Amino acid sequence: MSVAGVITVALCCLRVAHAYLTISLNGTWTVSNQNIGLSVPGQVPGSVHTALMANDAIADPLYRDNDVKLTWIGNVNWTYSRDFEVNNSVLKSQAIQLVAEGLDTIATVYINGIMVGKSDNMFVKYTFDVKSALKPLNNSIVVSFQSAVDYAAKQAAQSQYPIPPVCPSAVQNGQCHVNFIRKEQCSFSWDWGPSFPTQGIWKSIYLTAFDSSIIEEVTVDHFEGSDGWTLEVRVFFNLATNTSGIGGMVELQILEVNGSEPGNMVLSSSQAVMLSSFSRTLSLNITLPKDYPIKRWWPNGYGNQSLYDVIVTYTSTVTGEVTTKVRRIGFRTVELVQTNVSRDPLQGLTFYFRINGLPVFLKGTNWIPADSFQERITKDRLRILLQSAADAHINSMRVWGGGVYESEDFYDLTDELGIMIWQDLMFSDALYPSNPDFLNSVTQEIQYQTRRLMHRPSILLWSGNNENEGILTQRRSAPNYELYYDDYIKLYIDTVMTVLQQENPRRQFVPSSPSDGAETVKEGYVAQNPYSDLYGDVHFYDYNMDQWKPDGFPIPRMTTEFGLQSWCNFDTLLDVFEEEDLSYYSDQAVHREHHQGGLAQMANETFRHLNTPQDDNPVQLFKSLIYMTQISQAMSIKTQSEHYRRHQSELLSDGRGLTMGALYWQLNDIWQAPTWASIDYSGRWKMLHYYALRFFNPLMVSPVLNGSTLDIYVVMDEIPSREVRDPVTGNLRFEPSHTYEDGGQAGEDPEDLLRLQRRLRQSGVVMMKIYSWSSFTPLFTWRIEYSLNTTADSVFQGDVSTLLSQAGCHNGTECFLYVHLDDVDYGLNNWLSFAELKDSSLQKAEVTITEVTQISGHTFSIALSTTAIAPFVWLETGQVMGRFSDNGFLLLQPATSVLFYAWQDVTVDMLRNSLSVRALLG
């Protein structure tokens, strides 16, 4: 394609018959079921459940146990219908198509009583030719849905052999055979969510009318070569007829994104194209001018998220019809590095990502659908969740394979915020059929979703499924294993991988998560042990071990799931619980816990470390138990996350180590319940999310007890680093590539946990202090100078007994360790107790809110005082929504202050009246 200039086409010379247009069918439809005599207006996009709720035909589906009481909705068939008008000029168009961007799920579409198309996949955009079915002016459209539950059961009954799992655990109150339908898998229930097998038109639906040819889709990929950046653009066309010789002009522009203002033009060029029924695609390779300073897209914490708009406009020379597609891209390189960790091949392979040539530790979490009803997820709601992730230094997120391919709003935000997406394809925790109809539907799904999303700079890689390789491995000795293995290969390798290689060959694909990466491929795509620490990624859960101690955690290459449950915030439960429900083992609390044995597991882990609270008021007791389960969760995930970060540059003698990612399970919630989330359904942060602010901070000090030895690590993993091999052993490690200093100064804002990094080189000072629980004054202080040789390095080791003796602490139950970076404590700190807190000599602390002041706009300062050292100081704001600069913290001095960032308009008086504070003993 020429980049020398723009070829201008004079529109006066074109025969303009009828302009390309779209007619939206979104809005109000009639949602009905004739068998039960129920008919209500319903919004499109939408679902049956929200239509019924909006018309008071049902109560809130999330209230108490309504998920079970409303099971009937998913078990019957529903119909969407409406009338619409099409004028004569539109009817004269050569082509009129109905485009349904999302039908959920098994549907037959009729226009004026004529069947025009069918749907069997929630994740496919369907286009139906409807010209012959339309008539002048008044028309009707009916979309008849079949119950997803009924369809899945019938498909399973037709299978020649059972394909597990048949049904979910009884505690989930869910539906069966979800693996037989291409639908959001968790809509049939999960161990953190309810069963709402939705039906409806869940995305936009509209008519398109045109006379010659229009753009249907544009895909953009890019690579960096010796000549600079090259764009690979494919333009897919929709032709009104199957005739040949349809000509047109394609204009391509690349503009730098500059907020709402027009950006700088990078390139503008044009090319003539001739289309036919045999040639509907234009492929363009465009090398950008070497002298243009392309700005790279960086992950959160590493640099700016520079974006560019690729604008493709097509003008038909036959009719003058004009269509335009815009794809927003970011220039970055991504490499998944899988090489020998040492000269001993039995020690395995690395598994980490280079972004723009730099090794990046994935500090991340996992995303599930933010609501059972997708139409309720607004961009503002997504922004709160994803901005909250970015604020906690999260640079990566796994879109889990049991939900949906997320919305354009979602990926717009992850592109803007620098959150790299590990994108699962929508298969999870099951084996799947491989009959021709199923595979054909999957082929359409993967092709459509890949073309829709492949330009996104935030998408890191494609992953074939969630945990299905491991599930298959566990059935090696079970009946039908060979059939299941054959199904697996047909689905994920012969179908999914083949489509991805055709559509998006430059983006990495792993068949499953967890898997052994390249080793899984070598072993025929199903490894003997997909959870090996020496390859790929692992998922790790153990609800019996002490998760405040790192001894039992794996030391893998990357952990893409690990977690522990806690209750959601008390105020969040008030939306769906009655007062009699507000106790730990109430009927509704038990109903809400979909993880088998979860309530007991939470209690056992919590009271391993903390004393059981006592209170005659059952509601206050429940509040205390919620608070304590959140302490347990936060401390457990803190311990495990720090463990993985400490091991990023260390290779153990058995080959374990070089851990380059920690993605905890999970970021968000789908309802109000005890789950693994760090942010609950309302958007309120749980204690875990405040802890992520610290354990994912770019610069971290991490003390750990290894038996009788205290080890203190400093981790600095967002400085430029490089891979270095030891010339003797051949072992790999990560070293800082140069001294880091940007000359900035420490600020006064306690929210700014990065300020110390601005001042520090890769060398600095750790202040180590031992306190008695009974005094604000440390018993002893050590000043430790350090220089990092790797991105995570031990800077101090000492015998605990010797240190306690030196500090004058007679017993570990009386004292605790506190460490911070730099001579002055600017907030980069950490602490650990030498004994279980329930056995320690904690003092009763009276923590008080002394002053609330408005700093500016939605930012407030909260002043606190305490009569004693107070661990796990926890602030809440009732129904006022927002978040604090810090929470769940150790209050080490008589007075301090934190900031509150309100997400709504609020006065000082409103905030003061809503505030409450507590500590572990107080």
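Summary of the structure given here. Small disclaimer: the values here were computed from a predicted structure and weren't measured. Every chain is numbered on its own, with residues counted from 1 as its sequence reads. Owing to the predicted nature of the model, reporting of local features is limited to residues with pLDDT of at least 70; listing and counting of side-chain atom pairs is limited to 80 or more, with chain, interface and lining totals taken over all residues. Note that the side-chain values use all heavy atoms of the structure and ignore hydrogens as well as water.

**Concerning helix 7 (residues 408-417)**
Structurally, the α-helix is built with 3.6 residues per turn, so residues lying three or four positions apart point the same way.
1) Next: The rule is simple: take the accessible area with a 1.4 Å probe, protein chains only, and divide by the maximum for that residue type; under 20% is buried, over 50% is exposed, in between is partly exposed. Only DSSP runs of H or I covering at least 4 residues are called helices, and only runs of E covering at least 2 are called strands; the numbering of each starts at the N terminus. Restricting attention to buried positions, one finds in helix 7 the residues Phe410, Tyr411, Leu413, Thr414, Asp415 and Leu417.
2) Next: Phi for Gly418, located one or two positions after helix 7, is positive at around 75 degrees.

**Description of the packing of aromatic side chains**
1) Next: Here is the rule: rings of Phe, Tyr and Trp (six-membered ring for Trp) pair when centre to centre is within 6.5 Å. Planes less than 30 degrees apart are stacked, more than 60 are edge-to-face, and the remainder are tilted. Applying the stated criterion across every chain yields a total of 42 aromatic pairs.
2) Next: Judged by centre distance (5.2 Å) and plane angle (45 degrees), the rings of Phe196 and Phe373 are tilted. Residue Phe196 is located in the loop between strand 12 (193-195) and strand 13 (200-201), and its partner Phe373 is located in the loop between strand 25 (362-367) and helix 6 (379-391); the two are separated by 177 residues in the primary sequence.
3) Next: Note on Phe196: relative accessible area 3%, which makes it buried.
4) Next: The exposure class of Phe373 is buried, given its relative accessible area of 1%.
5) Next: Ring plane angle 55 degrees and centroid distance 4.9 Å describe the contact between Trp367 and Phe410, whose orientation is recorded as tilted. Taken as a pair, Trp367 in strand 25 and Phe410 in helix 7 lie far apart in primary sequence, 43 residues in all.
6) Next: With relative accessibility at 1%, the residue Trp367 sits in the buried group.
7) Next: Residue Phe410 is classed as buried on the basis of its relative accessible area, which comes to 0%.
8) Next: The rings of Tyr771, Trp773, Phe816, Tyr818, Trp831 and Phe872 are connected pair by pair, giving a single aromatic cluster.

**Focus on the sheet that holds strand 22 (residues 334-337)**
Two strands in a sheet stick together by hydrogen bonds in their backbones, pointing the same way (parallel) or opposite ways (antiparallel).
1) Next: With antiparallel pairing, the three strands of this open sheet are ordered in space as 22-23-24. One side of each edge strand has no neighbouring strand; the edge strands of this open sheet are strand 22 and strand 24 (358-360). Averaged over all adjacent pairs, the angle separating strand axes in this sheet is 35 degrees, with direction ignored.
2) Next: When strand 23 (residues 352-355) meets strand 24, the two strands line up antiparallel, connected through three bridges. Each residue of the ladder has a partner; that of Ile355, found in strand 24, is Leu358. The pairing criterion is simple: DSSP has to find at least two bridges between the two strands. Every axis corresponds to a line fitted to the C-alpha atoms, with the helix fit spanning only the stretch in contact, and the corresponding angles, defined between N-to-C directions, vary from 0 to 180 degrees.

**Considering the sheet that holds strand 48 (residues 916-918)**
1) Next: Read from one edge to the other, the open sheet built from three strands follows the order 46-44-48, with strand pairing classed as antiparallel. Looking at the sheet topology across the chains shown, the edges are occupied by strand 46 (889-891) and strand 48. Sheet twist, expressed as the average angle between the axes of neighbouring strands with direction ignored, equals 40 degrees.
2) Next: Direction of pairing for strand 44 (residues 870-876) relative to strand 48: antiparallel, over a ladder of three bridges.

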